[in-house]
Amino acid sequence: MKYIFWDIDGTLLLTGLAGADALRAAIRELFGVENFQFSHPLAGATDSQIIKQICIDIKGRCRTFDAANILINYHRLLPKFLKERHGHLMPNVTKTLAYFEGLEGFKTCLLTGNTTTGAYLKLQRYGFDSHYAVCGELSEDRSELAKIALRRLQVMHPEEEISGSDIFLIGDTPNDIICAKAIGARCLAVLAGSTYTKEQLAEHEPWKIIDKLPDEPQKLVQLFNEA
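All values reported here derive from a predicted model rather than from experimental measurement.

**Q** Hey, could you run me through the environment of Ala-227 in this one?
**A** Mapped onto the secondary structure, Ala-227 falls in the segment after helix H9 (217-225). Residues within four places of Ala-227 in sequence aside, it is in contact with Phe-168, Arg-186 and Trp-207.

Following this line, the structure appears as structure tokens:
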């Protein structure tokens, strides 16, 4: 069995910065800070990591109470901004996921830095739900999320001897590449929704880089089978 771990933001879909705007609105409500400027890149970061850094930037430290308040308000506001922003699915995502659904020898999963609630809200907004979410509240570190994801598969499927070599991670940031390498998985970097150039991604040595998901999903299967 081969397992495909999909990133969400920039890989499956773009929200039109709905997540960042929902966070800014939550920050404004809680701390009175207008147009908060994030001090670290959001692409590839976990929600837990982002919220911790927000607390440090505003309060000088991260208290559980402040982080929880931001997260609660972010989840409350996210549906509003998802509706208002002109986000969209990335090219060929719908037919690719549909093709892999039930395809013998492959299982579709998620490996995302989003919180569970945030992931579901985004996916539901664009017409599909997750099959196996590994989400950002489990760890601030994407590499640790990969290790947790692999361990979950091993526990859920004790009849198989699953290792990182059975996993393909599809993402769009250097953190996705680093995440895959942490468990010995192969990272397929997709440029279509990435904020990084091909050269920037290549520096981190992903398994392969493609411009977008193939028009014919069978070609993706062929690519995986040739690995």
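**Q** Help me understand the pairing of strand E1 (residues 2-6) in this model?
**A** The side chains of a regular strand alternate between the sheet's two faces. Most of E1 sits inside the fold, with four of its five residues counted as buried. Relative to strand E4 (residues 106-110), E1 runs parallel, the two being bridged by five bridges. Following the sheet pairing, Phe-5 is matched in E4 by Cys-109.

**Q** What is the right way to read the layout of surface pockets from this model?
**A** Gaps left between atoms are located by rolling a probe of water-molecule size over the structure's atoms. In this model, the largest pocket occupies a volume close to 600 Å³. Lining the largest pocket are 29 residues, and of these Asp-9, Leu-17, Leu-42, Ala-43 and Lys-122 sit closest to its centre. Every element with two or more residues in the lining of the largest pocket is listed here: strand E2 (13-14), helix H1 (18-31) and helix H2 (47-59). With four residues, H1 is the largest single contributor of residues to the lining of the largest pocket. Here the lining of the largest pocket is composed, by residue class, of ten nonpolar, eleven polar and eight charged.

**Q** How should the pattern of salt bridges be read in this particular structure?
**A** Pairing is possible between side chains that carry opposite charge, provided their charged atoms lie close to one another. Evaluated as defined, the whole model comprises 13 salt bridges. As a salt-bridge pair, Arg-85 and Asp-21 come within 2.8 Å of each other at their nearest N and O atoms. Taken together, the positions of Arg-85 in the loop between helix H3 (64-84) and strand E3 (88-89) and Asp-21 in helix H1 put the pair 64 residues apart, joining distant regions of the chain. By relative accessible area, which is 18% here, Asp-21 ends up buried. In this structure, Asp-66 and Arg-63 form a salt bridge, with 3.1 Å as the shortest nitrogen-oxygen distance. Beyond isolated ion pairs, a larger network of salt bridges with shared partners links Asp-21, Arg-24, Lys-80, Glu-84 and Arg-85.

**Q** How should the sheet that holds E1 be read in this particular structure?
**A** Strand pairing in a sheet takes place through backbone hydrogen bonds and is either antiparallel or parallel in direction. The strand order across the open sheet formed by five strands is E4-E1-E5-E6-E7, and the pairing between neighbours is parallel. Both outer strands of the open sheet, E4 and strand E7 (208-210), are each paired with one neighbouring strand and no more. With direction set aside, neighbouring strand axes in the sheet form an average angle of 20°. As defined by bridge partners, strand E5 (residues 167-171) adjoins strand E6 (residues 186-190) across four bridges and the pair is classed as parallel. The residue of E6 that forms the bridge with Gly-171 is Ala-189.

**Q** Any chance you could explain the side chain of Asp-21 here in plain terms?
**A** At 2.8 Å, the side chain of Asp-21 forms a polar contact with the side chain of Arg-85. The residues touching Asp-21, leaving out its near neighbours within four places in the chain, are Phe-81 and Arg-85.

Conventions used here
Residues numbered from 1 in each chain as written. Predicted model: local features only at pLDDT ≥ 70, side-chain atom pairs only at ≥ 80, totals over all residues. Heavy atoms only, no water. Helix = DSSP H or I, 4+ residues; strand = E, 2+ residues; numbered from the N terminus. Contact = heavy atoms within 4.5 Å. Buried < 20%, exposed > 50% of the residue type's maximum accessible area, 1.4 Å probe, protein only. Pairing = 2+ DSSP bridges. 1 Å grid on protein atoms, 1.4 Å probe; cavity = no way out; pocket = protein on both sides within 12 Å on 5 of 7 lines; lining within 4 Å. Points joined across faces, edges and corners; volume = space filled by probe spheres on them. Nonpolar A, V, L, I, M, F, W, Y, C, P; charged D, E, K, R; others polar. Salt bridge = Lys/Arg side-chain N within 4 Å of Asp/Glu carboxyl O. Axes fitted to C-alpha atoms, helices over the stretch in contact; angles between N-to-C directions. Polar contact = N/O pair within 3.5 Å; in protein donor to acceptor, adjacent residues only side chain to side chain.

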